[in-house]
Protein chains: 2
Amino acid sequence: MAFSSLLSRLRSCSKPFCNNLRTSIIQRPHNPSSLIEPVICSRNGKTPLWFASLIPLAFAVSAGSLSLNDASLSDPKSVKIGGKGSTDYAVKGSRREVPPELIEELKGICQENMTTDEDERCVHGKPQNSFHKAVNIPDVVVYPRSGEEVSKIVKSCNLHKVPVVPYGGATSIEGHTLSPNGGVCIDMTLMNCVKALHVEDMDVVVEPGIGWMELNEYLEPYGPGATIGGMCATRCSGSLAVRYGTMRDNVINLKVVLADGEVMKTASRARKSAAGYDLTRLMIGSEGTLGVITGITLRLQKLPQSSVVAMCNFPTIKDAADVAIATMHSGIQVSRVELLDEVQIRAINLANDKKLPEIPTLMFEFVGTEAYAREQTQIVQKIASEHNGTDFVFAEEPEEKKELWKIRKEALWACFAMKPHFEAMITDVCVPLSHLAELISRSKQELDASPLTCTVIAHAGDGNFHTVVLFDPTKEEQRREAERLNHFMVHLALSMEGTCTGEHGVGTGKMKYLEKELGIENLRTMKKIKDALDPNNIMNPGKLIPPHVCF
Amino acid sequence: MAFSSLLSRLRSCSKPFCNNLRTSIIQRPHNPSSLIEPVICSRNGKTPLWFASLIPLAFAVSAGSLSLNDASLSDPKSVKIGGKGSTDYAVKGSRREVPPELIEELKGICQENMTTDEDERCVHGKPQNSFHKAVNIPDVVVYPRSGEEVSKIVKSCNLHKVPVVPYGGATSIEGHTLSPNGGVCIDMTLMNCVKALHVEDMDVVVEPGIGWMELNEYLEPYGPGATIGGMCATRCSGSLAVRYGTMRDNVINLKVVLADGEVMKTASRARKSAAGYDLTRLMIGSEGTLGVITGITLRLQKLPQSSVVAMCNFPTIKDAADVAIATMHSGIQVSRVELLDEVQIRAINLANDKKLPEIPTLMFEFVGTEAYAREQTQIVQKIASEHNGTDFVFAEEPEEKKELWKIRKEALWACFAMKPHFEAMITDVCVPLSHLAELISRSKQELDASPLTCTVIAHAGDGNFHTVVLFDPTKEEQRREAERLNHFMVHLALSMEGTCTGEHGVGTGKMKYLEKELGIENLRTMKKIKDALDPNNIMNPGKLIPPHVCF
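Let me begin by describing the structure that accompanies this report.

Here is what the cut-offs are and how they apply
Residues numbered from 1 in each chain as written. Chains lettered and ligands numbered in written order. Predicted model: local features only at pLDDT ≥ 70, side-chain atom pairs only at ≥ 80, totals over all residues. Heavy atoms only, no water. Least-squares fit on C-alpha atoms with pLDDT ≥ 70 in both. Contact = heavy atoms within 4.5 Å. Core = buried A, V, L, I, M, F, W, Y, C linked by side-chain atoms within 4.5 Å. Buried < 20%, exposed > 50% of the residue type's maximum accessible area, 1.4 Å probe, protein only. Salt bridge = Lys/Arg side-chain N within 4 Å of Asp/Glu carboxyl O. Helix = DSSP H or I, 4+ residues; strand = E, 2+ residues; numbered from the N terminus. Pairing = 2+ DSSP bridges. Axes fitted to C-alpha atoms, helices over the stretch in contact; angles between N-to-C directions. Expected span 1.5 Å × (residues − 1). Arc of directions from axis to C-beta. Disulfide = S-S within 2.5 Å. Parallel < 35°, antiparallel > 145°, perpendicular 65-115°, else oblique. Left-handed = near helix turned anticlockwise from the far one by under 90°. Nonpolar A, V, L, I, M, F, W, Y, C, P; charged D, E, K, R; others polar. Buried area = accessible area lost by both parts, 1.4 Å probe. Polar contact = N/O pair within 3.5 Å; in protein donor to acceptor, adjacent residues only side chain to side chain.

**Quick look at the relation of the copies chain A and chain B**
Between the two chain copies there is a screw-like relation: a rotation about an axis and a shift along it.
Move 1: Expressed as a screw operation, the relation of chain A to chain B combines 0.0 Å of axial shift with a rotation of 180°, fitting to an RMSD of 0.0 Å. The two molecules are tied by a two-fold rotation axis, judged by turn and shift.
Move 2: A shared binding surface is used by both copies, with 100% of the interface residues of chain A retained as interface residues in chain B.

Encoded structure:
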């Protein structure tokens, strides 16, 4: 995971700090007009999205004013949020006015850091990077500055049974930050401090609104992106997960504001514990349906002494996948192994005026001591040559490595360069390693046969496979075709004991696949937990748990 | 983690298998008398306990016939289960007769694989390796052969509101397998099959009763020990956790029989997923209070090509701890780093007629390619020399490595060799890395000042610290002194943001520390989840969640 590796740069810092990392990219929140643009992680602005080492997914708690007994939960009337494929389980966006008393209470808590300005509410209610559509916007947007303020906000909302929607980088894909039932959007971006840096313990305590890139490069803000809180909420990961794990593996503890406004610590700061239920992991990936994350203690990893970046071409996608699998089997702890199909390479050539061979390609990163990084490179070069690999190249110098890795890093933007006015349906599935080659091959048959332009990128070491399907947003049949392809790939993955999402999360987009993947007993257990921790159902009733689940 | 590393030996096996791995060590279960001995992991039988690479902790679901509204839950009357320190929260062992209808139903489900024989019930009710005492024994012991049978058993027990106590290797330390309220003990040892081996996916699907050593050495059973199911239930780990993680990190999914007898799959077989709440992790470490684990899919790790075992002496325990920490900070992925104090070394000398210098000692294992394992050894040798390390020795040949590692492996038995008729209070705590040296130093001051013999072994790379306190079981003041020392170390660890248990679990023994460690909000959240998933409270009411917790 990039952040964990890169975070160790923080170790050169001698003491904890608390700064406004975003000052150069985000304006004061009580100035609505200036706030709008920076928070949008616009693809037109060429900001990298999901091809970064950590997929930036949003901190998402949408909600509903529905009570537990509300008929619409057990008998949902679907409304159009995105295309057909994404709406099967979408709860009808019944709107309830936020009472004036609540507005007054929120003003008392947040002072100037709140707004009911329509433009700003629109920004916060829009799906920024996803192909799902919004049916409502929040009624109020608040910008708490502390966990205590979040606690008070949630307590008030719970008393008035008004939905709360935490909001971070808003880079999610599956509709996590939508407010189908209006309510209060809690923008966490003012809570962006590093609270404590424990170099010797290899951990860092942060507030949720801090961006992952900001944290990594903490003195030179790059631009907006996913926040650490949102990354916890969606259990996100990326290309480095093959070595460093997902958010699940890199969080030591969380501070969480529960639905009743009480504040819970999920664990101690020890790196290992057998004391009690694993509430840290329960919160990670719960997509804000169980609580609002207000503090995070993250593990730090030492930046490796040395690294090598390598690239190799293959006649077929199966050869490339086989080499990725054989590399994993070899016992080498590769830090990245990324697979790009020929369409993706074509996009990269077009966007960058390059002349890479337009055939399936693997990219690797090896880390360790200088000698060990080189030794791993040689072992994998041999594996590749045994599977029809050609043109194996590698780089050891910083500038060369950066140049080579840029190919992978700019893959998504290269897709948009092919079709500048198109939208993208981005989906991800994940299967046991041995099925990856077949999954990609069969998916590609379907993708290649489609009139739409589709590219494939896989975090091949994890069996995690992404597709970018480009479609003309003005043509409904193209959107439907994109959704058909998504549907096809998810069901193919599920037939291989895989999951409907390896790292993007459920949101509204993947709810409909959960029963097939996990079974009704699993969903009932999730619902029981949800009901126990959020009896007024103010936390995201339209997300993650399909509304038909009852017990 | 040993099992994950060693498991990869399974990869040489060409197809899934299902055998009676325990046939040489366990007799048919409907022959009660022959069953008794093999199931006991007797320390007198010199079976390794907690110094193995995975600490064998039992599969534990004790239970109670108490209903949610039973006054004794919120107002417990403590009874003596072990010494004072371990009983603060022990639920009164109110006994309810198992109704004859339930016995008939169980016979219908298990046929000859059940017993009400008193000797056998006594064996299953006794704390095998812990210093906690039993106040009751189970009324029936059943030996299901499948998840379907477990489901039927639990369904029946739930209808009759009779406690269920899953039971595996019974090697736990904190009273997890006690039956303070009688009920039905579910011995899982007949469910010991490997259901599927997916070499290409690097995973294996097993039943819970399979032993970890049996699984690792699956064709040559070594002897009894912790079962995989129990290891999941207690979130256990060991010396290899510093590289391979704990059970939390090595389980892909679980099959769980819930309190109502329904069977739940916690996740798909993909190695990475963002689909839904992390019910796998919720079950791992829940100590059987939320369900009975009936199937496990484990990650496999490739056995490293090469390894080096090294040992080094230090003038002070602080020097040794500092080297362990500096090694972790160096970025080397050491596979083990174990710290032994001078008392422990003296015990080893006495037991094995050796002449090791009786001063603080570190033991390491480095893995990788041959060149890389050696390179890591050299780096750490340099670190050690900078911290007053002397007599750095290392071994590369299999026999030499085995001989060297034996010192660490037999540490616990060496303690008993010093005081053959004594009992041991074994405790573990875990703190952020930077506090380890101070924790051990201050603990040792207290231990050294005590009239009891106390040794220290630490999984130093994780900040995880064990103490073995030997006491004469016939002398109550010695038991009390052992408990005082335990109490002292736990509170010291908690004052350093640590945990009351890094890997042994809560059981009955550590419940009283949870509120100080986690706060009442955390405990209330656990209780809400427990009540939601087990409304009749048949699953382990006297374990893990302190009975005073209410909301």
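**Considering the nonpolar core**
Move 1: Counting 190 residues, the largest nonpolar core has I228 and I529 of chain A together with I228 and I529 of chain B as its most contacted members.
Move 2: By size, the runner-up hydrophobic cluster in this structure holds 27 residues, among which are L340, W405, L412 and C415 of chain A.

**A few points about the pattern of salt bridges**
Move 1: Per the counting criterion, the structure on display carries 56 salt bridges over all chains.
Move 2: Taking the shortest distance from any N to any O, the salt bridge between R374 of chain B and E396 of chain B comes out at 2.7 Å. Here R374 of chain B, found in helix α14 (residues 370–385), pairs with E396 of chain B, found in the loop between β13 (390–395) and α15 (398–409); they are 22 residues apart in sequence, far enough to count as distant.
Move 3: For E396 of chain B, a relative accessible area of 28% gives the class partly exposed.
Move 4: Connected through shared salt-bridge partners, D341, E342, K444 and D448 of chain A make up one network.

**Describing the sheet that holds strand β16 (residues 464–471) of chain B**
Residue and element names in this part refer to chain B.
Move 1: The strand order β13-β10-β12-β11-β15-β16-β14 describes an open sheet built from 7 strands, whose pairing is antiparallel. Unpaired on one side and paired on the other, β13 and β14 (423–430) mark the two borders of the sheet. Looking at each pair of strands side by side, their axes are set apart by 15° on average, direction ignored.
Move 2: Direction of pairing for strand β15 (residues 453–459) relative to β16: antiparallel, over a ladder of 7 bridges. Of the residues in β16, the one forming a bridge with H459 is N464.
Move 3: In this fold α15 packs onto β10 (306–313), β11 (336–340), β12 (361–368), β13 and β15, with an angle of close to 50° to the strand it touches most, β10.
Move 4: Against the sheet, helix α16 (residues 411–418) touches β14, β15 and β16, its axis set at about 20° to β16.

**Regarding helix α17 (residues 436–449) of chain A**
Residue and element names in this part refer to chain A.
Move 1: A rise of 1.5 Å per residue sets the reference length of α17, with its 14 residues, at 20 Å; its end C-alpha atoms lie 20 Å apart and thus fit the reference within 8%.
Move 2: Those residues of α17 not exposed but buried are L436, A437, L439, I440, S443, K444 and L447. Each buried residue of α17 lies within a common arc of 155° when the element is viewed along its axis, so the set occupies one face. Opposite the packed face of α17, turned more than 90 degrees from it, sit the exposed residues Q445 and A449.

**With respect to unusual backbone geometry**
Move 1: Although it is not a glycine, Q111 of chain A sits at a positive phi angle of roughly 50°.
Move 2: For Q111 of chain A, the location among the structural elements is in the loop between α4 (100–110) and β1 (114–115).
Move 3: A relative accessible area of 42% means that Q111 of chain A is categorised as partly exposed.
Move 4: Backbone geometry at E287 of chain B places phi at a positive 55°, although glycine is not the residue there.
Move 5: When you line up the elements, E287 of chain B lands in the loop between α11 (279–283) and β9 (292–299).
Move 6: The exposure class assigned to E287 of chain B is buried, which follows from its relative accessible area of 0%.

**Points about the pairing of β11 of chain B**
Residue and element names in this part refer to chain B.
Move 1: Counting buried positions along β11 yields 5 of 5 residues, so the element is predominantly enclosed.
Move 2: Here β11 shows two buried faces, one formed by R336, E338 and L340 and the other by V337 and L339.
Move 3: Inspection of the sheet shows β11 paired to β15 by 3 bridges, in the antiparallel sense. The partner of L339 across the bridge, within β15, is A458.

**Thoughts on the state of the cysteines**
Move 1: By the definition in use, this model includes 0 disulfides over all chains.
Move 2: We note that C236 of chain A lacks a disulfide partner, and the nearest cysteine sulfur, in C232 of chain A, lies 8.3 Å from it.

**Concerning the side chain of S286 of chain A**
Move 1: Mapped onto the fold, S286 of chain A is located in the loop between α11 (279–283) and β9 (292–299).
Move 2: What S286 of chain A contacts, discounting residues up to four positions off in sequence, is A233 and L544 of chain A together with Y277 of chain B.

**Notes on the packing of helix α12 (residues 317–329) of chain A against helix α14 (residues 370–385) of chain A**
Residue and element names in this part refer to chain A.
Move 1: Packing of α12 against α14 leaves a shortest axis separation of 9 Å and a crossing angle of 140°. When the axes of α12 and α14 are compared, the pair comes out oblique. As for how α12 packs across α14, the hand of that crossing is right-handed. Between α12, through V323, A326 and T327, and α14, the contact on the second element is made entirely by V380, I383 and A384.
Move 2: Along the lines of polarity and charge, the residues of the contact of α12 with α14 split into 5 nonpolar, 1 polar and no charged.

**Some details on the interface of chain A and chain B**
Interfaces are frequently sized by the accessible area removed from exposure as the parts join.
Move 1: Residue-level contacts link 86 residues of chain A with 86 residues of chain B.
Move 2: With both chains or domains summed, chain A and chain B bury close to 7100 Å², and 56% of this area falls on carbon and sulfur atoms.
Move 3: Of all residues in chain A, K272, Y277 and H329 of chain A bury the most surface against chain B, accounting for 13% of the area lost on that side.
Move 4: In this assembly, chain A and chain B are joined by 6 salt bridges.
Move 5: Put simply, K272 of chain A and D462 of chain B hold a salt bridge, and the shortest N to O gap is 3.4 Å.
Move 6: Taken together, chain A and chain B are joined by 35 residue pairs in polar contact (both at pLDDT 80 or more).
Move 7: Those elements giving two or more residues to the side of chain A that touches chain B turn out to be α9 (241–244), α10 (247–250), β8 (263–265), α11, α12, α14, α19 (511–518) and α20 (520–533) of chain A.
Move 8: With 9 residues, the top contributor of residues to the side of chain A that touches chain B is α20 of chain A.
Move 9: Across the side of chain A that touches chain B, the residue classes tally to 33 nonpolar, 28 polar and 25 charged.

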